[in-house]
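Next come the chains, spelled out residue by residue.
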Amino acid sequence: MQVPAPFEYERATSVEHAIALRERLGEEARFVAGGHSLLPMMKLRLANPEYLIDINDLSELFYISEDANEVRIGAMTRHRDLLDSELLAQHFPIFRDAEKVIADPVVRNRGTLGGSLCQADPSEDLSAVCAALDAACVIKSTSGERVVSMADFHVGPYETAVGDAEMLTEIRIPLRPNSGSAYEKVERRAGDWAIVSSGAAVWMDGDVIANGRVGLAAVGPNTTSIETVSAALSGAAPSEELYQTVGDIAAANCSPQTDQRGTAAYKRHLAMELTRRSLRRAVARATGQEA
Amino acid sequence: MQVNMTVNGQEVSEEIEPRHLLVHFIRDQLGLTGTHWGCDTSNCGTCVVLIDGEPVKSCSTLAAMAGGHQITTVEGLEVDGELDPVQEGFMNCHGLQCGFCTPGMMLTARALLNKNPDPSEAVIREAISGQICRCTGYSTIVRSIHWAANKETKVSLGSAS
Amino acid sequence: MTTTEPAPNPAEEAAEEERPIGFGRLLRKEDPRLIRGMGNFVDDIQLKGMLHLAILRSPMAHARIVSIDVSAAQAHPKVVAVITGADLAEQGLAWMPTLSNDTQAVLATDKVRFQHQEVAFVVAEDRYSARDALELIDVEYELLSPVINVRKALDPDAPIIRDDLEGKTDNHIFDWETGDEAATEAVFLNAEVVVSEEIIYPRVHPAPMETCGCVADVERVSGQLTLWCTSQAPHAHRTVYALVAGLPEHKIRVIAPDIGGGFGNKVPIYPGYVCAIVASLVIGKPVKWMEDRTENLVSTGFARDYVMKAQIAATKEGKILAVRSEVLADHGAFNGVAAPVKYPAGFFGVFTGSYDLQAAHAKMTAVYTNKAPGGVAYACSFRITEAVYMVERIVDCLAHELKMDPAELRLKNLIKPEQFPYTTKTGWVYDSGNYEPAMRMAMDMAGYEELRREQAEKRERGELMGIGVSFFTEAVGAGPRKDMDILGLGMADGCELRIHPTGKAVVRLSVKTQGQGHETTFAQIVAEEIGIPPEDIEVVQGDTDNTPFGLGTYGSRSTPVSGAAAALVTRKVRDKAQIIASGMLEVSVADLEWTKGSFAVKGDPSKSVTIQDIAMRAHGAGDLPEGLEGGLEAQICYNPENLTYPFGAYICVVDIDPGTAVVTVRRFIAVDDCGTQINPMIIEGQVHGGLADGIGMAMMQMIAFDEDGNCLAGSLMDYLIPTALETPDWETGHTVTPSPHHPFGAKGIGESATVGSPPAVVNAIVDALKPYGIRHADMPLTPSRVWETMQGNHTPPI
């Protein structure tokens with residue numbers, strides 16, 4: 001079987017230690033969290049870091065907590081814990097929807113929220129989830145911490161705002177009343193990357209949608225949060241026509257490529273169809289019609 | 001570098017290269033060849049072992065990362081000459097043919113039953129969905145895990161009475 | 001005679017612990033070691049001083065090799081040797097024969113002819129260093145235009161791939177035909193209904209969970225080569241090595257230890273094996289080579305890759321009259337098809353299916369392309385997968401045109417029981433069959449009428465539900481030596497049985513399990529014939545030094561050929577045992593009666609001797625009947641009189657989400673008939689595995705290439721295999737129609753489900769799409785391809 005090229009290994013004992021190591025070792029160093037994406041890339045020699053900094057001992061980054069305004073999730077929280085979390089299921093059911101279909105149960109035992117976001121694979125699901133939820137990313141360095149939106153976090157495919165001497169430590173998701181969220185994904189087979197995914201989150205104000213967001217995965221850049229979707233949803237009353245309109249906006253705003261997973265036309269269709277579905281379900285949840 | 005871990009209840013301490021994959025460490029260095037490998041990309045699950053009781057793909061884990069943890073391989077399922085009910089289930093229900101994916105499947109089944117002693121068919125199918133079997137078409141694996149669950153339920157009821 | 005049995009209740013079955021002496025459900029003898037992780041697979045083998053080999057492969061599909069610089073790799077401190085094609089050429093080992101009498105480069109010398117072709121290899125002290133050193137080899141290539149589109153391979157201006165073959169001016173490999181062209185044409189001219197369709201069976205790969213590999217160990221002084229290898233055919237491999245490398249055959253021992261699935265992938269000899277042998281020969285140490293998954297998918301025996309233009313002729317009432325086809329076959333860069341020599345298209349000739357026809361004809365052209373070699377693999381029974389897929393698809397197209405129920409159309413045309421043995425219009429003699437009961441049983445199990453009612457209601461509501469039917473006849477157990485050989489080696493199989501003095505036995509086979517359970521079923525065959533419990537019978541296989549010659553396990557041939565050999569060798573031993581018993585009981589041989597395990601005097605059952613008693617006498621000090629040698633053992637070589645023809649009826653039920661085109665296989669009903677059953681548990685397992693294969697091929701698998709010849713399916717991330725979530729709980733049943741010529745009436749079963757299931761799945765999906773006017777869609781029916789089909793944009797996959 002394939003094996004990685006040689007590298008040096010360091011095990012970080014604290015966030016500060018991890019960041020200090022990163023600062024010292026520079027761009028040739030990478031953090032390894034779950035490792036189930038990074039190590040295959042290293043085995044195929046698509047990634048060849050000189051140093052790996054193992055952050056699996058950073059127990060301070062394994063948590064899901066809430067206060068009055070937001071839910072905070074430590075970057076090392078594993079997929080399995082995101083899936084199992086009753087707190088997340090209660091506030092943001094989109095997480096459970098998505099986690100059920102991210103990779104497979106064994107990979108979910110290792111893979112982490114931070115690892116997924118930092119991998120920044122264009123087909124990765126949690127970026128769309130976090131964008132739909134209007135999450136913010138906490139990035140730490142020796143000089144302190146900064147908080148960026150998901151839109152700013154994603155610089156491009158496989159590129160994030162996290163610098164060489166920085167570390168993503170936390171995701172913050174605002175708690176809003178009367179909210180609902182849902183995730184829809186089509187894949188060729190369980191465990192495969194998405195052909196297309198769509199996540200939706202809405203916040204109701206009485207009978208109308210106060211605001212809402214849709215994040216797409218696997219359909220090109222700048223689709224984790226589409227501005228025109230939010231504009232269309234804001235102040236609108238839920239209806240099939242609205243879901244269709246927003247689905248059409250989603251389809252018009254993506255730029256899918258034809259590949260082995262599907263044709264561009266099919267993916268564009270899915271962007272529409274899955275957005276309709278995720279939105280419909282998010283509203284049903286926000287209005288108490290569906291768990 | 002030196003790595004220390006517990007494998008099937010025994011402490012081991014070995015000199016490794018940082019890049020050594022856990023699957024190679026287990027197979028080549030410890031000689032526990034019951035753990036197999038089938039792909040390079042975390043897809044097939046043939047290499048599944050338990051780390052602290054959770055199924056993990058050992059081809060996508062560094063031996064170094066397993067340092068300080070408890071590893072269970074297929075060789076650790078049988079205790080004092082007594083087969084794990086999962087092993088019996090696989091034999092009784094023809095849950096294996098070539099036997100290559102079997103160690104990983106059994107370890108995942110063990111971890112599942114530890115958490116959920118009475119899983120439905122859907123739960124079992126979900127639990128093993130990160131592991132590929134080319135021979136059985138999965139139905140007999142599902143039956144095998146059910147068999148083990150039934151046996152364990154009976155045993156625990158028996159001991160309770 | 002056919003007996004029918006409903007599907008067993010697995011829960012009840014699993015609960016009871018039977019120990020049949022002979023046929024019946026018996027837990028497997030191989031399992032106690034496999035469930036403990038104590039199997040012995042090739043990569044488990046560690047020898048003292050063993051080195052590791054890694055292969056450098058071409059990044060391009062077609063390119064001339066300008067230069068190779070290995071100096072940096074050789075300088076790596078842990079590298080022992082770096083070998084190129086030029087080095088092999090000096091030894092005359094740069095090329096090797098394929099199983100189709102073509103040649104294949106072991107390491108490329110002149111140019112590379114497919115992406116990932118073997119170019120050089122490194123031998124190093126450990127596997128990590130061997131892999132590292134590959135990065136240090138510098139190859140300069142001059143890019144050549146590749147031939148990727150099979151339809152353009154014979155264009156006059158197509159680049160010539162095999163310029164190594166003397167006088168080769170095109171990419172043509174062979175033309176082949178079968179049946180009567182004129183008679184078929186006459187039927188078509190007069191037919192009321194003719195339906196045509198281009199039906200494609202894309203390139204797929206068997207992808208066993210264990211990749212291919214070997215450990216070669218050449219003993220310096222004696223020259224003895226021991227090769228532990230993932231081989232489905234160790235004896236055939238040994239002979240080929242003797243013929244290719246000039247190694248004396250008695251100095252070659254091929255051992256196939258436990259094998260992690262084969263499915264045909266482990267029949268051919270791959271360049272990596274030859275490289276490992278050469279390395280061990282040159283270096284004088286054992287050398288291990290194990291493919292990684294990418295190497296397995298991109299370079300070893302692929303399967304199918306047939307473009308089939310099919311036509312069917314029928315009356316308006318649905319009486320099928322004739323079938324014909326024109327096939328374009330992509331064989332890749334070397335003709336590596338593993339089929340009997342006289343059958344370059346394998347057994348595609350059974351494309352007439354299970355129907356009583358007036359005429360049939362097929363012609364085929366096979367071509368080279370810049371893709372990996374292979375063609376016969378993946379449980380195909382020598383191209384019967386393609387044949388059955390084509391006929392079962394075109395029959396459904398006919399049903400579509402006639403607006404007839406596809407099950408009814410099949411029932412109307414199935415060969416009748418009284419017509420057996422039935423000679424098809426392409427000359428195959430189906431040994432036995434009773435098709436209608438199998439079809440009726442499948443329909444009953446499915447609740448066919450009810451499903452059709454449900455479908456009609458769903459269609460009213462705009463929901464998409466499909467019911468797919470297939471009925472297949474397999475042809476397995478190659479084969480009669482007058483017709484069938486591979487590289488001149490007859491396809492007969494040896495078997496040897498020894499009964500030890502205490503009545504325990506050892507049976508030695510020429511075939512080799514890759515998971516099929518030979519250790520169990522062959523013990524059961526011997527047990528059935530001689531009454532020794534299976535647990536007292538050791539089955540030896542996969543070691544050329546310790547088993548008789550034979551061609552190995554593929555094409556579902558173990559039970560039809562080697563199983564027959566096991567029964568007959570046991571009968572031979574029993575005949576001798578009877579003579580010994582006559583001496584022990586002091587009666588004539590004719591006065592003895594055999595009941596399983598003992599001979600008794602006719603009319604006086606109290607006077608009897610067990611086989612164990614006889615075994616001790618055979619080896620003991622007492623007198624034996626005059627002229628009889630001591631010992632109780634025999635060896636035979638079985639030459640099958642015909643193939644066996646298992647068959648089955650499959651029904652698949654799917655639901656399609658109209659919004660996303662996602663297909664869910666809701667149910668799959670499989671009724672199989674493989675004649676006499678040895679171990680129903682194992683048979684069911686064989687069927688289950690093949691059904692999952694069918695879902696894979698029909699819905700997600702394809703070895704695809706881009707226009708430059710880059711393989712797009714080089715990992716299990718890209719080449720998808722079904723998981724437990726895409727596969728339903730299989731519903732199986734069986735009928736039993738024994739083979740008249742097999743010693744105990746058995747037929748093969750290993751590949752039936754792989755042959756029969758893809759058309760059932762595709763027929764179900766196409767049936768679901770009927771409201772869209774769809775008559776045909778090609779595999780793999782991924783959500784995208786289904787959706788495009790629904791939009792009227794179906795495109796062939798190649």
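Residues numbered from 1 in each chain as written. Chains lettered and ligands numbered in written order. Predicted model: local features only at pLDDT ≥ 70, side-chain atom pairs only at ≥ 80, totals over all residues. Heavy atoms only, no water.

**Considerations on the overall build of chain B**
Phase 1: Looking only at helices and strands, chain B features five helices and five strands.
Phase 2: Listing each helix as α and each strand as β along chain B from the N terminus yields β-β-α-β-β-β-α-α-α-α.
Phase 3: Against the compact-globule benchmark of 15 Å for 161 residues, chain B has a radius of gyration of 16 Å, which places it among compact chains.
Phase 4: Projected onto its principal axes, the C-alpha positions of chain B cover 50 × 35 × 25 Å.
Phase 5: Expressed as a percentage of its 161 residues, the buried residues of chain B come to 68%.
Phase 6: Intrachain contacts of chain B at a sequence separation of at least 6 include 57% that bridge at least 24 residues. (Helix = DSSP H or I, 4+ residues; strand = E, 2+ residues; numbered from the N terminus. Rg over C-alpha atoms; globule rule 2.2 N^0.38 Å. Buried < 20%, exposed > 50% of the residue type's maximum accessible area, 1.4 Å probe, protein only. Contact = heavy atoms within 4.5 Å.)

**With respect to the packing of aromatic side chains**
Residue and element names in this part refer to chain C.
Phase 1: Under the criterion given, the structure shown has 25 aromatic pairs over all chains.
Phase 2: With centroids separated by 5.0 Å and ring planes inclined at 55°, the aromatic side chains of Phe347 and Phe382 adopt a geometry described as tilted. Taken together, the positions of Phe347 in the loop between β17 (320–330) and β18 (359–367) and Phe382 in the loop between β19 (374–375) and α10 (384–402) put the pair 35 residues apart, joining distant regions of the chain. Note on accessibility: Phe347 and Phe382 belong to one class, buried.
Phase 3: An aromatic cluster of at least three residues, connected via ring pairs, comprises Tyr343, Phe347, Phe382, Trp428 and Tyr554. (Phe/Tyr/Trp six-rings, centres within 6.5 Å; stacked < 30°, edge-to-face > 60°.)

**A short note on the pattern of salt bridges**
Residues and elements named next belong to chain C.
Phase 1: Using the criterion set out here, one finds 93 salt bridges over all chains in the structure.
Phase 2: Two residues, Arg131 and Glu135, come together in a salt bridge whose shortest N-O distance is 2.9 Å.
Phase 3: Residue Arg131 is classed as buried on the basis of its relative accessible area of 14%.
Phase 4: The class for Glu135 is partly exposed, based on a relative accessible area of 47%.
Phase 5: Linking Glu436 and Arg440 is a salt bridge whose minimum nitrogen-to-oxygen distance equals 3.1 Å. (Salt bridge = Lys/Arg side-chain N within 4 Å of Asp/Glu carboxyl O.)

**Focus: the domain arrangement of chain A**
All names here are of chain A.
Phase 1: According to the domain assignment, chain A contains domain 1 (8–54), domain 2 (61–174) and domain 3 (182–286).
Phase 2: Taking the mean C-alpha position of each, domain 2 and domain 3 sit 19 Å from one another.
Phase 3: On the side of domain 3, 21 residues touch domain 2, which itself brings 19 residues to the contact.
Phase 4: Taking both sides of the interface into account, the surface hidden between domain 2 and domain 3 amounts to around 1600 Å²; carbon and sulfur atoms contribute 59%.
Phase 5: Interface area lost by domain 2 to domain 3 is led by Asp97, Ser123 and Ala132, which between them contribute 27%.
Phase 6: Connecting domain 2 to domain 3 are four salt bridges.
Phase 7: Here Lys185 ties to Asp125 by a salt bridge, and the two come within 2.7 Å at their closest N and O atoms.
Phase 8: Our enumeration of links across domain 2 and domain 3 arrives at eight residue pairs in polar contact (both at pLDDT 80 or more).
Phase 9: Elements supplying a minimum of two residues to the side of domain 2 that touches domain 3: α5 (93–100) and α8 (125–132).
Phase 10: No other element matches the six residues that α8 contributes to the side of domain 2 that touches domain 3.
Phase 11: The residue makeup of the side of domain 2 that touches domain 3, split by class, is 12 nonpolar, two polar and five charged. (Domains from an automatic or database assignment. Buried area = accessible area lost by both parts, 1.4 Å probe. Polar contact = N/O pair within 3.5 Å; in protein donor to acceptor, adjacent residues only side chain to side chain. Nonpolar A, V, L, I, M, F, W, Y, C, P; charged D, E, K, R; others polar.)

**Description of the interface of chain C and chain A**
Phase 1: At the junction of the two partners, chain C supplies 27 residues and chain A supplies 28 residues.
Phase 2: Approximately 2200 Å² of surface area, both sides summed, lies buried where chain C meets chain A, with 57% of it carried by carbon and sulfur atoms.
Phase 3: On inspection of chain C and its partner chain A, the count reaches two salt bridges.
Phase 4: Note that Asp132 of chain C and Arg45 of chain A form a salt bridge whose closest N and O atoms lie 2.9 Å from each other.
Phase 5: The interface formed by chain C and chain A includes 11 residue pairs in polar contact (both at pLDDT 80 or more).
Phase 6: Breaking the side of chain C that touches chain A down by element, the ones donating at least two residues are α5 (127–134) and α19 (783–790) of chain C.
Phase 7: Each residue belonging to the side of chain C that touches chain A can be placed in one class, and the counts come to 12 nonpolar, five polar and 10 charged.

**Description of the domain arrangement of chain B**
All names here are of chain B.
Phase 1: Looking at the assigned domains, one finds that chain B contains domain 1 (2–76) and domain 2 (85–160).
Phase 2: Residue-level contacts link 17 residues of domain 1 with 14 residues of domain 2.
Phase 3: Of the roughly 1100 Å² buried between domain 1 and domain 2 on both sides combined, carbon and sulfur atoms contribute 64%.
Phase 4: At the junction of domain 1 and domain 2, the tally comes to one salt bridge.

**So, the nonpolar core**
One broad trend across soluble globular proteins is that nonpolar side chains are buried collectively.
Residue and element names in this part refer to chain C.
Phase 1: Formed by 260 residues in total, the largest nonpolar core has its most connected members in Leu53, Phe348 and Ile765.
Phase 2: Looking at this core, the element that brings in the most residues is α10, giving 12 residues.
Phase 3: Among residues more than four places away in sequence, those in contact with Leu53 are Phe121, Val122, Val123, Cys275, Ala276, Ala279, Val287, Lys288 and Trp289.
Phase 4: Core analysis: the next-biggest nonpolar cluster, separate from the first, contains 42 residues, Phe522, Leu592, Val609 and Ile678 among them. (Core = buried A, V, L, I, M, F, W, Y, C linked by side-chain atoms within 4.5 Å.)

**Examining the interface of chain B and chain C**
Phase 1: Listed by partner, the interface residues are 48 residues for chain B and 61 residues for chain C.
Phase 2: Overall, the association of chain B and chain C removes approximately 4600 Å² of surface from exposure, summing both partners, and the carbon and sulfur fraction of that is 54%.
Phase 3: The tally of links from chain B across to chain C stands at seven salt bridges.
Phase 4: Its salt-bridge partner being Arg27 of chain B, residue Asp43 of chain C comes within 3.4 Å of it at the nearest N-O pair.
Phase 5: Our count for the contact surface shared by chain B and chain C stands at 27 residue pairs in polar contact (both at pLDDT 80 or more).
Phase 6: Of all the secondary-structure elements, those providing two or more residues to the side of chain B that touches chain C are α1 (22–29), α2 (85–92), α4 (121–127) and α5 (139–160) of chain B.
Phase 7: Classifying every residue of the side of chain B that touches chain C by side-chain character gives 18 nonpolar, 19 polar and 11 charged.

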